[in-house]
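Listed below are the residues making up each chain.
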Amino acid sequence: MAGFDGVAHAGVAIVTCMDSRIAPLAMLGLKPGDAKIFRNPGGRVTEAALEALVLGVHLLNVDRVLVIPHTRCAMSARSERELRHQITESAGVSADWQMFSVVTDQIAALDDDIHAVRSHPLIPDTVRVGGFMYDVDTGLLEQKF
């Protein structure tokens, strides 16, 4: 977007799901340029997400991290085996080798993800980290951690 300098002007980084029902800036009342956004299946704090957060904290004005999975997520609706079977059927080739990071307990996974951010040696204790659940039906955020 023209006219933006690339830093997070509200100091916020968001890790959330790639689900198209989620509009990260709108759900937080933010505007373009306010936040850094990292999206992946299930909204998990992966190694790539941690890399993005470290860069955001040290180079892009991030001082708050929000981890926001959501209700009715496809990554929590099926087992790894079921998802591989469905992908195999759709692709016409075996997906048995592919990992899909299925989430069996979203709250436990969110707790693990918050711990991963808070304990990362390159993310200082001064960075505030919160875990929330976004309800795709009501549009409400509920703080969990």
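To be clear, the structure that these remarks concern was listed above.
What you see is a predicted model, and the numbers here were worked out from it, not measured in a lab.

Scoring rules and cut-offs
Residues numbered from 1 in each chain as written. Predicted model: local features only at pLDDT ≥ 70, side-chain atom pairs only at ≥ 80, totals over all residues. Heavy atoms only, no water. Helix = DSSP H or I, 4+ residues; strand = E, 2+ residues; numbered from the N terminus. Buried < 20%, exposed > 50% of the residue type's maximum accessible area, 1.4 Å probe, protein only. Salt bridge = Lys/Arg side-chain N within 4 Å of Asp/Glu carboxyl O. Pairing = 2+ DSSP bridges.

K.L.:
Help me understand unusual backbone geometry in this model?
P.N.:
Note: most peptide bonds trans; most residues except glycine with negative phi. Positive phi is not limited to glycine here, since Arg72 has a value of about 55°. Within the fold, Arg72 resides in the loop between β3 (64-68) and α3 (80-91). Residue Arg72 is classed as exposed on the basis of its relative accessible area of 53%.

K.L.:
Explain the pattern of salt bridges to me, please; I cannot follow it from the model alone.
P.N.:
In a structure, side chains of opposite charge can pair up when their charged atoms sit close to one another. This model, assessed by the stated rule, comprises 7 salt bridges. Its salt-bridge partner being Asp113, residue Arg44 comes within 2.7 Å of it at the nearest N-O pair. Of this pair, Arg44 sits in the loop between β2 (35-40) and α2 (47-59) while Asp113 sits in helix α4 (residues 106-118), and the two are 69 residues apart along the sequence. Each member of the pair, Arg44 as well as Asp113, carries the same accessibility label: buried. Residues Asp137 and Arg72 are paired through a salt bridge, measuring 2.8 Å at the closest nitrogen-oxygen approach. Highlighted residues: Asp137 in the loop between β4 (128-134) and β5 (141-143) and Arg72 in the loop between β3 and α3, separated in sequence by 65 residues.

K.L.:
Would you explain the pairing of β3 in this entry?
P.N.:
Consecutive side chains of a regular strand alternate in pointing toward one face of the sheet and then the other. The element β3 is largely enclosed, with a buried count of 4 among its 5 residues. Both strand β1 (residues 12-17) and β3 contribute to a ladder of 5 bridges, which runs parallel. If you follow Ala13 over to β3, its bridge partner there is Val65. Here β3 runs beside β4; their pairing, made up of 4 bridges, is parallel. The residue of β4 that forms the bridge with Leu66 is Gly130.

Such coordinate-based values are descriptive only and should not be taken to indicate function.
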